[in-house]
Amino acid sequence: MARPLIIVNLKAYAEGTGEKATRIAAAAEEVGKESGVVIGVAPAYTDLGLMARDYDVPVYAQHIDGVMPGAHTGHVTAEQVRGAGAMGTLINHSERRLTLAEIEASLSAARRCGLEAVICTNNVATTAAAAALGPEYVAIEPPELIGTGVSVSKADPGIIENSVEAVRGVNPEVKVLTGAGISTGECVRIALDLGTDGVLLASGVVKAADPAAALRDLVSLL
Ligand code: G3P
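Residues numbered from 1 in each chain as written. Predicted model: local features only at pLDDT ≥ 70, side-chain atom pairs only at ≥ 80, totals over all residues. Heavy atoms only, no water.

K.L.:
Help me out: how do you make sense of the packing of helix α1 (residues 19-35) against helix α2 (residues 45-54) in this one?
P.N.:
For any two helices packed against each other, the geometry is given by the interaxial angle and the distance between the axes. Closest axis-to-axis distance for the α1/α2 pair is 10 Å, and the angle between their directions is 40°. The angle between α1 and α2 places the two elements in the oblique class. Between α1 and α2 lies a crossing of right-handed hand. Listed contacts from α2 to Ala21, Thr22 and Ala25 of α1 are Asp47, Leu50 and Met51. Split by residue class, the contact of α1 with α2 holds four nonpolar, one polar and one charged. (Axes fitted to C-alpha atoms, helices over the stretch in contact; angles between N-to-C directions. Helix = DSSP H or I, 4+ residues; strand = E, 2+ residues; numbered from the N terminus. Parallel < 35°, antiparallel > 145°, perpendicular 65-115°, else oblique. Left-handed = near helix turned anticlockwise from the far one by under 90°. Contact = heavy atoms within 4.5 Å. Nonpolar A, V, L, I, M, F, W, Y, C, P; charged D, E, K, R; others polar.)

The following block contains the structure:
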């Protein structure tokens, strides 16, 4: 298997904004180098350029709009995040849901700019539908577990197994991440053993008193 991917979504957490975001990027860079695991960050747009410039970590946007550059107030284009240094983007995060047509448009925009696309999903059926669009990754996250500290790996391993199987049936080229409540190396190990290629998480690192220690724990069983 290729090296697993861990993406830390900083959301709009105060603990993951501005100077505090740079602390998390520094931790991701440090632990990524020590462990050989790819640890990316998905910061707010306001921090994205700085993070991409100052840290040797893959930077993802949290969302892009499926529009061309032009007269779109309050939108963010694939060109803008690419220009600011992002190498990929989340699409359809549970906290930034899109219609199917919008997901497709955002994915096309990502393709246009060479951004790696991670389409987030909430159940096995939407995971299969997302895989049919052919992004690099789908990320299955049961919404009811997000931010709870109750890990999807332990609370709902079936959704991970069934999602992996569904994706393989639709498009085996698409890689699978999982997330929601992931906070320990054991959660990550279980997710990988169930067939995923990595994890997408937030609070377990962003709200940790010591983000580097939290990341070291996450990679400890890989
Ligand atoms: O994008 C990651 C996310 O929605 C999971 O959040 O806090 O449960 O790790 P959390």
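K.L.:
Just checking my understanding: could you explain the site of the ligand for this structure?
P.N.:
In the region of the ligand, the neighbouring residues are Asn9, Lys11, His93, Glu141, Ile146, Gly147, Ala180, Gly181, Leu200, Leu201, Ala202 and Ser203. Within the side chain of Asn9, one N or O atom sits 3.1 Å away from an oxygen atom of the ligand. A total of 300 Å² of accessible area belongs to the ligand in isolation, and the protein chains cover 100% of it. Here the ligand occupies the largest cavity. Of the residues contributing to the shell around the ligand, the split by class is five nonpolar, five polar and two charged. (Near = heavy atom within 4 Å. Polar contact = N/O pair within 3.5 Å; in protein donor to acceptor, adjacent residues only side chain to side chain. Areas by Shrake-Rupley, 256 points an atom, 1.4 Å probe, with all protein chains shown as cover. 1 Å grid on protein atoms, 1.4 Å probe; cavity = no way out; pocket = protein on both sides within 12 Å on 5 of 7 lines; lining within 4 Å. Sits in = over half its atoms within 2 Å of the grid points.)

K.L.:
Looking at this model, I keep getting lost on the environment of Lys175. Mind explaining?
P.N.:
Structurally, Lys175 is set in strand β7 (residues 175-179). Exposure remark for Lys175: the relative accessible area of 33% places this residue in the partly exposed category. Expressed as a C-alpha distance, the spacing of Lys175 and Val138, which sit 37 residues apart in the sequence, is 6.4 Å. When neighbours within four sequence positions are excluded, Lys175 is seen to be in contact with Glu136, Tyr137, Val138 and Asp197. (Buried < 20%, exposed > 50% of the residue type's maximum accessible area, 1.4 Å probe, protein only.)

K.L.:
I'm lost on the sheet that holds strand β8 (residues 198-201) in this one. Help?
P.N.:
Two modes of strand pairing occur in sheets, parallel and antiparallel, and in both the strands are linked by backbone hydrogen bonds. Strand order in the open sheet formed by eight strands is β2-β1-β8-β7-β6-β5-β4-β3, and the pairing between neighbours is parallel. Every other strand in the sheet has two partners, leaving β2 (38-42) and β3 (60-61) as the edge strands with one partner each. As paired strands, β3 and strand β4 (residues 88-91) are joined by two bridges and run parallel to one another. Paired with Ala61 across the two strands is Thr89, which belongs to β4. (Pairing = 2+ DSSP bridges.)

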